[in-house]
Amino acid sequence: MTLVEIAQIYTDLVKAEKEIPEIESHAKDQINALRTKYHELLMAKMKEQGIEFSDRFDAMNMAFEIIRKEKSLSS
């Protein structure tokens with residue numbers, strides 16, 4: 001998978017998790033597990049490509065920036 005693909009899946013999961021009501025705890029847990037997996041993949045791919053980030057929050061913000069730039073390029 002490419003960095004852009006991983007970032008897209010990760011950011012989609014972050015957005016989806018915010019949309020799920022708190023009462024749906026099982027669904028939130030499943031999305032959270034996937035989000036965590038893709039966050040780890042994202043950070044590993046970023047390190048592999050020499051992209052530096054200070055912490056997991058910085059990596060998350062970078063993922064959203066990667067997708068924003070990708071969308072602006074394809075427009």
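Only a predicted model underlies this, so the values are computations on that prediction, with no experimental measurement involved.

A few words now on the overall build of the protein chain. A count of helical and extended segments in the protein chain gives 3 helices and 0 strands. For the protein chain, the succession of helices and strands along the chain, N to C, is α-α-α. Per-residue burial over the protein chain gives 31% buried out of 75 residues. Of the contacts formed within the protein chain by residues at least 6 apart in sequence, a portion of 53% connects residues at least 24 apart.

Below, the discussion takes up the packing of helix α2 (residues 25-48) against helix α3 (residues 56-74). α3 packs onto α2 with a crossing angle of 85 degrees between their chain directions and a minimal axis gap of 10 Å. By the angle class used here, α2 and α3 are roughly perpendicular. Between α2 and α3, the contacting residues are His-39, Leu-42, Met-43 and Met-46 on the first element and Arg-56, Ala-59, Met-60, Met-62 and Ala-63 on the second. Class assignment of the residues belonging to the contact of α2 with α3 gives a composition of 7 nonpolar, 1 polar and 1 charged.

Cut-offs applied
- Residues numbered from 1 in each chain as written.
- Predicted model: local features only at pLDDT ≥ 70, side-chain atom pairs only at ≥ 80, totals over all residues.
- Heavy atoms only, no water.
- Helix = DSSP H or I, 4+ residues; strand = E, 2+ residues; numbered from the N terminus.
- Buried < 20%, exposed > 50% of the residue type's maximum accessible area, 1.4 Å probe, protein only.
- Contact = heavy atoms within 4.5 Å.
- Axes fitted to C-alpha atoms, helices over the stretch in contact; angles between N-to-C directions.
- Parallel < 35°, antiparallel > 145°, perpendicular 65-115°, else oblique.
- Nonpolar A, V, L, I, M, F, W, Y, C, P; charged D, E, K, R; others polar.

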